Amino acid sequence: MIKTLLIDDENNALKTLQSYIHKYTKDVSVVGIATSKKEAIDLIKNTKDFDLILLDINLGDGNAFEVLEQIPSKNFHIIFTTAYDEYAIKAFKYSALDYLLKPIDPKEFMNAIEKLHTKDVSSLKNQLELASNRDKPHSIKKIVVNSSNEMHFIAIDDIIRLESEKNYTDIYFTNGKRITSSKTLKYYEELLPELIFFRIHQKHLVNTSFIKKYLKEDGGYVLLKDQSKLAVSRRKKEGLLNKLSS
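How each quantity is defined
- Residues numbered from 1 in each chain as written.
- Predicted model: local features only at pLDDT ≥ 70, side-chain atom pairs only at ≥ 80, totals over all residues.
- Heavy atoms only, no water.
- Helix = DSSP H or I, 4+ residues; strand = E, 2+ residues; numbered from the N terminus.
- Buried < 20%, exposed > 50% of the residue type's maximum accessible area, 1.4 Å probe, protein only.
- Contact = heavy atoms within 4.5 Å.
- Pairing = 2+ DSSP bridges.
- Axes fitted to C-alpha atoms, helices over the stretch in contact; angles between N-to-C directions.
- Phe/Tyr/Trp six-rings, centres within 6.5 Å; stacked < 30°, edge-to-face > 60°.
- Lys NZ or Arg CZ within 6 Å of the ring centre and 35° of its normal.
- Core = buried A, V, L, I, M, F, W, Y, C linked by side-chain atoms within 4.5 Å.
- Parallel < 35°, antiparallel > 145°, perpendicular 65-115°, else oblique.
- Nonpolar A, V, L, I, M, F, W, Y, C, P; charged D, E, K, R; others polar.
- Arc of directions from axis to C-beta.
- Polar contact = N/O pair within 3.5 Å; in protein donor to acceptor, adjacent residues only side chain to side chain.

Draft legend 1. Spotlight on the overall build of the protein chain. A tally of regular secondary structure across the protein chain gives 8 helices and 15 strands. For the protein chain, the proportion of its 246 residues judged to be buried stands at 48%. Taking the contacts inside the protein chain whose residues are at least 6 apart along the sequence as the reference set, 54% of them involve residues at least 24 apart.

Next comes the structure, spelled out in structure tokens:
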């Protein structure tokens, strides 16, 4: 049984979560509810046995990260819920924590709960270390990539390139390995630091640190250090050359 705390300052949101838990899960039980930052801190500290927190970002008298900073032991999973728009979401995509955008879609809720069956609780320490850098994008050293059944903590310096495959993205690494993510290439273009990564084509996002040379043949290509030869679109050519020469 996944013992769960619900933390949200909106009654309607709490009712929705309770309804979804009742309708769509068989192994989730609610063991506590809080509606403010203060209540949340007290609830977490005083609840000895729980596995998951469904945690709203904005709690009126504070935010979720301020709650987590007050909790000495974090041996549990977190799924954020938030009404933030896409630009706000970008600020904590770096954290690699699961999140549900309000109004919460039942299918996304079920998918988030299902992930709990495939994740190691010990990974939470890594998740929260990444979350602590949410407001310092230039300090981001790692991201999390969710493949079909695993959660990978990836150093961005180990990523050579990313390639779009319809609604999926193949990510290629310095050790020769590849991971397929269910996220789009646009997602990673927004997530990864612009100082390092550049989208050279509709299909290709590259770590410019690994560009070995630019080839003028057939409209333009880059040769990467792993010997990948990738086309550069005409409209991206000038931006790439400016970046490489700066």
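That was the structure; now back to the text.
Draft legend 2. The arrangement of the sheet that holds strand β15 (residues 229-231) in detail. Pairing is antiparallel in the open sheet, where 3 strands are placed in the order β13-β14-β15. In this open sheet, the two edge strands, each paired with only one partner strand, are β13 (211-215) and β15. With strand direction ignored, the average angle separating the axes of adjacent strands in the sheet is 25 degrees. Of the pairings in the sheet, the one linking strand β14 (residues 221-224) to β15 comprises 3 bridges and is antiparallel in character.

Draft legend 3. Expanded view of the packing of aromatic side chains. Under the counting rule described, the total for this entry stands at 5 aromatic pairs. Members of the aromatic cluster, joined through ring pairs, are Tyr 20, Tyr 24 and Phe 109. Just above the ring of Tyr 172 sits the side chain of Arg 161; from NZ or CZ to the centre is 3.9 Å.

Draft legend 4. Summary view of the nonpolar core. In terms of nonpolar packing, the biggest core is built from 20 residues, with Ile 7, Ile 44, Ile 53, Leu 55, Phe 76 and Phe 80 touching the most fellow members. Setting aside chain neighbours within four positions, we find Ile 53 in contact with Leu 5, Ile 7, Ile 44, Phe 76, His 77, Ile 78 and Ile 79.

Draft legend 5. Representation of the packing of helix α1 (residues 11-24) against helix α5 (residues 106-115) in the model. Between α1 and α5, the shortest axis-to-axis distance is 11 Å and the interhelical angle comes to 70 degrees. As summarised for this structure, α1 and α5 are arranged roughly perpendicular, according to the angle between their axes. Contacts between α1 and α5 involve Leu 17, Tyr 20, Ile 21 and Tyr 24 from the first element and Pro 106, Phe 109 and Met 110 from the second. Tallied by class, residues from the contact of α1 with α5 come to 7 nonpolar, no polar and no charged.

Draft legend 6. A look at the sheet that holds strand β3 (residues 52-56). Ordered in space as β2-β1-β3-β4-β5, the 5 strands form an open sheet in which the pairing is parallel. Unpaired on one side and paired on the other, β2 (28-34) and β5 (98-101) mark the two borders of the sheet. On average, adjacent strands in this sheet sit at an angle of 25 degrees to one another, irrespective of strand direction. In the sheet, strand β1 (residues 2-7) pairs with β3 via 4 bridges, with the strands oriented parallel. Directly across from Thr 4, in β3, lies its bridge partner Leu 52. Of the strands in this sheet, β2, β3, β4 (77-82) and β5 are in contact with α5, which crosses β5 at around 170 degrees.

Draft legend 7. Molecular detail of α5. Of the residues making up α5, those classed as buried are Phe 109, Ala 112 and Ile 113. Taken around the axis of α5, the buried residues stretch over an arc of 95 degrees, which confines them to a single face. Packed against the buried residues of α5 are α1, β2, β3, β4 and β5. Where α5 begins, the side chain of Asp 105 points an oxygen toward the backbone nitrogen of Lys 107, at a separation of 3.0 Å.

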